[in-house]
Amino acid sequence: MKLEDYKDISARCSECNFCQAVCPVFISKGSENWLARNRLNLIREVLIEKTMEPSPRFTEILETCLLCTGCTQSCSSMVPVDEIIIAARSRMAEYAGGVSSMKKKLFSGVMKNSSAINLMVKAGAVAQKFGMAPGNLPQMSSKPFFSRRSGTLKPDGIAEARVAYYVGCGTNFFYPETGEAATDILLKMNTEVIIPEGLTCCGIPLLSEGDIEGAAEVFKKNIEILASIECDKILMECTSCIMMFMKKGPKLFAADDPVMEKVKAVNAKIENALTYIYQKKNPGINKKAPGNFTCHVPCHLNKSEKGAGTAEILRTLTGAEYRELDEPESCCGAGGAYYMKDKELSETIREIKLKDIRKREVSIVVTECPMCRYYISKGVPEMEVMHPLEFIKGSML
Amino acid sequence: MSSPGKDLRRLLSDRQVLDEKEDLMAYANDATFYLARRSPDAVAIPLSTEDVSKIIRYAFENKIPVVPRGAGSGLAGGCTPIHGGIVIDMKQMNSIVEINRKNMTAEVEGGVVLDRFNRELRKQKLFYPPDPQSMKVCTIGGNVATRAGGPRGVKYGTTERYVTGLEVVLPDGSVITPGGKVVKQSCGYDLTHLFTGSEGTLGVITKANLRLLPLPETSTTIIASCVSADQAAEIVSEIIAEGVVPAMLEFLIKLAVMGMNNHIKNPIPLSGDAYLLMEVDGGESQVEAEVRKIKSICNALGAADIIVVNDPADSRSYWEARSKLYPIMMSIFKRVITEDVTVPRNSIPELVRRVQAIGASLQIPIGLAGHAGDGNMHPTIMHTEISDAFAEKAEKAIEQIIKAGLELSGTISGEHGIGLHKNRFIEMEHGPVQIGLMKAIKGVIDPAGIMNPGKIWHEGGADK
Ligand SMILES: Cc1cc2nc3c(=O)[nH]c(=O)nc-3n(C[C@H](O)[C@H](O)[C@H](O)COP(=O)(O)OP(=O)(O)OC[C@H]3O[C@@H](n4cnc5c(N)ncnc54)[C@H](O)[C@@H]3O)c2cc1C
């Protein structure tokens, strides 16, 4: 949607200010200028009504948002704040042709071409060029997931189900052990796993830079591939990818766009890998508690849809002791790659999370999102941080 | 003349002052943007009572308006800086100074968020009942300044009942501490309760001493689905008359429940035209007995359906959806203006009838969703369009509703305060003598008229 099309939707904001309860930027910085309400009002005045100039301060306020979607998810007036911010960033990039749009070009070149093995290395180089904190990326795995497993994986026994597995970039490049856990468990459950070729990044990182076209392009490419595969389910392990497929991607196309048929067909099959496993194999075969644990709920985990109740599932499957955080759903500060852009803010947000985590005195922190995983692990080196699939692996095999 | 932003930076620190226009815009209004918007000249963010004193002394010396602000969730335009000046954002003064179990009191700074306070209390099985539905964000300072209430008002009363003492920075920068930690006091005029409800027009509340209660042992939610708004109102009156005191007793028209249902996992069955959402709390046996009594009253008066909610998660989701009703209605209508008339509980059926008649005669939708248990009905003007014609009708409706409330021996505001929203009506309720007294008090405490000018009554307070 174009920015102008959001004008009426944005007017639904009742200015109740309830977003104060969830916005990590507001919670860290403490003043209302960083709130969704002000962002919406500024976007209207600067970019739609044009009664104000797009000043550096405006740009700063627009850029200082981790797109955690906390405000959107909790907004009772149902204003899609994150989408409006993305549309505004896109407009700003068009205007300026400055840093923002250069950054966009470089990033999208890298992201769209995920066959480039060193995707994140390149992204890191880009980050460095633009003065984002260098050397702050997860360790690239020497052997990414796709060079460990590919094609169609057949179980030893007779296949009872056939699933396609969309492997997130985080799993591919940084944490291939997540993908190994997923496939090991699925195979053990006599499930045939297809790892389709040619899939790319889901597009979320492009969207957050305001590259709507780029995101639409990769989304469409992924949909075409997934739609062509015969399978019962399409499994994903990254909550941001799921959000992109289920919520954000479909909105990039008009309802009557030919691709929407395929989007619907694909989305009807998408399932959070953990939930799928849990439902099929409930409860775990041999309860093997890997250690007491706590859960950080990634912002992009669509609470209402694909994959609520991770902690409960893990407890049931493994028998491990769960210690809930005071604020399991508060942002960890990573914001995808945002932490490279604004180190100070991200660290302030993270510190709130870390305090909460340390109080639990657990040995393991579980979280679905690879970026949350990395960023939290840097803050609590004494603990193990892992994906839920790795956590249950021992109990499922 | 130098600018307040620059001057304040010298008095405080760089981080405690905002004066770029993009930042100031965030402080131009509360939750009633349709009443007025105006950016302040600067925002000051105090970290201590001393900071507040410094800011106010500066404003006093330079005759600059000062507007205290909590979360800005007000529904009366109370913290909208209509004359510009300095907004004091209290949210960083957010420490819970003391929770005193043995005295059942707490001392908190003005910027403490209500929900956070209650979460801390719950850890010690304690409870601070006032529950304005904005609890996730609103501040104790804002609650005290408006005498905020909520569904629990029916059993537990509203904020003023819990305030035993305050620390207030006066409009010349000096600090007073009326009342204190004692739970009773008979010592001169009750200044504590003069500042309680003063809507930022007499000084800045930097600390509050509050009474606490033990957390009720258990609670149960009940939903009565009623065939008509009239019937629901009759049931409310009957419940009160029978001596049952629910902890919460909310009145909801069908449209409100329909909106809420979009945010609830197990939606409320839509079998009636009006609904009562209730909670009873206390000891196990008391709760059981009250549930029985309420059920039998509802049955006797012919309610369509009575649901006793057994799953605590469901109860929570109903109450949470209730707390978001105002923004939920904004996803359906173009604008929503909430009135705050409160009448004696026996007059609720009559108020309901009159409000419905007003809506019918002006041909605009007026919703009813309120804390019926304490007579606070929140008739809500729901704008189907933004136009002068509609605004004119809305104006008329508001005036007629307010008159109806007063005719029924009610008040024009039960909990939101007067602010800008109702300042043209306040004299209708209090008459010239009382207003004269109030203005005289204002004149003594704030002779320069710098504290939140233009609120409660037109232009500043003291007659000049
Ligand atoms: C969706 C929604 C639901 C609501 N539900 C209820 C409800 O059920 N019951 C209810 O009573 N209200 C309700 N409100 C209104 C509002 O939340 C309350 O009035 C609340 O008490 C305001 O607190 P605040 O911190 O946001 O104050 P603000 O809006 O910032 O200020 C309110 C007034 O208090 C003054 N003030 C604030 N802090 C101080 C201070 N430290 N010292 C002196 N003066 C100060 C301001 O100048 C202003 O006049 C609701 C609002 C919304 C948006």
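Residues numbered from 1 in each chain as written. Chains lettered and ligands numbered in written order. Predicted model: local features only at pLDDT ≥ 70, side-chain atom pairs only at ≥ 80, totals over all residues. Heavy atoms only, no water.

## Focus: the sheet that holds strand 13 (residues 248-253) of chain B
Residue and element names in this part refer to chain B. Pairing is antiparallel across the open sheet formed by 7 strands, whose spatial order is 15-12-14-13-17-18-16. Every other strand in the sheet has two partners, leaving strand 15 (305-309) and strand 16 (335-338) as the edge strands with one partner each. Within this sheet the neighbouring strands show an average axis-to-axis angle of 20°, counted without direction. Judged from the 5 bridges that link them, strand 12 (residues 218-226) and strand 15 form a sheet pairing that is antiparallel. Paired with Ala224 across the bridge in strand 15 is Ile306. On top of the sheet, helix 11 (residues 312-323) reaches strand 12, strand 13, strand 14 (274-282) and strand 15; it is set at about 120° to strand 14, its chief contact. (Pairing = 2+ DSSP bridges. Helix = DSSP H or I, 4+ residues; strand = E, 2+ residues; numbered from the N terminus. Axes fitted to C-alpha atoms, helices over the stretch in contact; angles between N-to-C directions. Contact = heavy atoms within 4.5 Å.)

## Topic: the interface of chain B and chain A
Contacts between the two partners involve 37 residues from chain B, matched on the other side by 33 residues from chain A. When the two sides are added together, the surface that chain B and chain A hide from each other amounts to roughly 2700 Å², 54% of it contributed by carbon and sulfur. Three residues, Glu22(B), Met25(B) and Val137(B), lead the burial of chain B against chain A; their summed loss comes to 22% of the area buried on that side. There are 6 salt bridges connecting chain B and chain A. Here Glu327(A) ties to Arg119(B) by a salt bridge, and the two come within 2.7 Å at their closest N and O atoms. At the surface where chain B touches chain A, the tally comes to 17 residue pairs in polar contact (both at pLDDT 80 or more). Secondary-structure elements contributing two or more residues to the side of chain B that touches chain A are helix 2 (21-24), helix 4 (114-123) and helix 12 (325-330) of chain B. Take the side of chain B that touches chain A: its biggest share by element is 4 residues, from helix 12 of chain B. Of the residues assigned to the side of chain B that touches chain A, the class counts are 13 nonpolar, 10 polar and 14 charged. (Buried area = accessible area lost by both parts, 1.4 Å probe. Salt bridge = Lys/Arg side-chain N within 4 Å of Asp/Glu carboxyl O. Polar contact = N/O pair within 3.5 Å; in protein donor to acceptor, adjacent residues only side chain to side chain. Nonpolar A, V, L, I, M, F, W, Y, C, P; charged D, E, K, R; others polar.)

## Side note on the domain arrangement of chain B
Assigned domains of chain B: these are domain 1 (4-90), domain 2 (92-214), domain 3 (218-326) and domain 4 (333-407). One C-alpha centre belongs to domain 1 of chain B, the other to domain 3 of chain B; they are set 41 Å apart. (Domains from an automatic or database assignment.)

## With respect to the layout of surface pockets
Residues and elements named next belong to chain B. Of the volumes computed, that of the second largest pocket is approximately 810 Å³. Around the second largest pocket, the lining comprises 33 residues; the ones closest to its centre are Arg147, Thr196, Gly197, His430 and Met438. When residues of the lining of the second largest pocket are traced back to their parent elements, those giving at least two are helix 5 (140-146) and helix 15 (426-445). Each residue belonging to the lining of the second largest pocket can be placed in one class, and the counts come to 11 nonpolar, 15 polar and 7 charged. Composition of the lining of the second largest pocket by domain shows at least three residues from each of domain 2 (92-214) and domain 4 (333-407). (1 Å grid on protein atoms, 1.4 Å probe; cavity = no way out; pocket = protein on both sides within 12 Å on 5 of 7 lines; lining within 4 Å. Points joined across faces, edges and corners; volume = space filled by probe spheres on them.)

## Comments concerning the packing of aromatic side chains
Residue and element names in this part refer to chain A. Within the structure shown, the criterion is met by 13 aromatic pairs over all chains. Ring centres of Phe293 and Tyr322 lie 5.2 Å apart, and the angle between their planes is 35°; on these two criteria the pair is classed as tilted. Of this pair, Phe293 sits in strand 6 (residues 293-295) while Tyr322 sits in the loop between helix 17 (310-318) and helix 18 (338-341), and the two are 29 residues apart along the sequence. Ring centres 4.6 Å apart and planes at 45° place the aromatic pair Phe293 and Phe391 in the tilted group. Highlighted residues: Phe293 in strand 6 and Phe391 in helix 21 (residues 388-396), separated in sequence by 98 residues. (Phe/Tyr/Trp six-rings, centres within 6.5 Å; stacked < 30°, edge-to-face > 60°.)

## Describing the site of the ligand
Neighbouring the ligand are 37 residues; Pro68(B), Ser73(B), Ser134(B), Thr139(B) and Gly149(B) lie closest to it. Residues near the ligand are shared among chains A and B, making this a multi-chain site. At 2.5 Å from an oxygen atom of the ligand is found a side-chain nitrogen or oxygen belonging to Ser134(B). Glu199(B) is positioned with one of its backbone polar atoms (N or O) 3.2 Å from an oxygen atom of the ligand. Protein contacts shield 98% of the accessible area of the ligand, which totals 970 Å² for the unbound molecule. (Near = heavy atom within 4 Å. Areas by Shrake-Rupley, 256 points an atom, 1.4 Å probe, with all protein chains shown as cover.)

## Focus on the sheet that holds strand 8 (residues 163-169) of chain B
All names here are of chain B. Spatially, 5 strands are ordered 5-6-10-8-9 in an open sheet, and the strand pairing comes out antiparallel. Each edge of the open sheet carries a strand with a single partner, namely strand 5 (96-100) and strand 9 (175-176). Of the strand pairs in this sheet, strand 8 and strand 10 (residues 204-211) are connected by 6 bridges, and their pairing is antiparallel. Across the sheet, the residue bridging to Glu167 is Lys207, located in strand 10. Of the strands in this sheet, strand 8, strand 9 and strand 10 touch helix 3 (residues 49-62), which is tilted by about 50° from strand 8. Along the sheet, helix 4 makes contact with strand 5, strand 6 (105-109) and strand 10, crossing strand 5 at roughly 35°.

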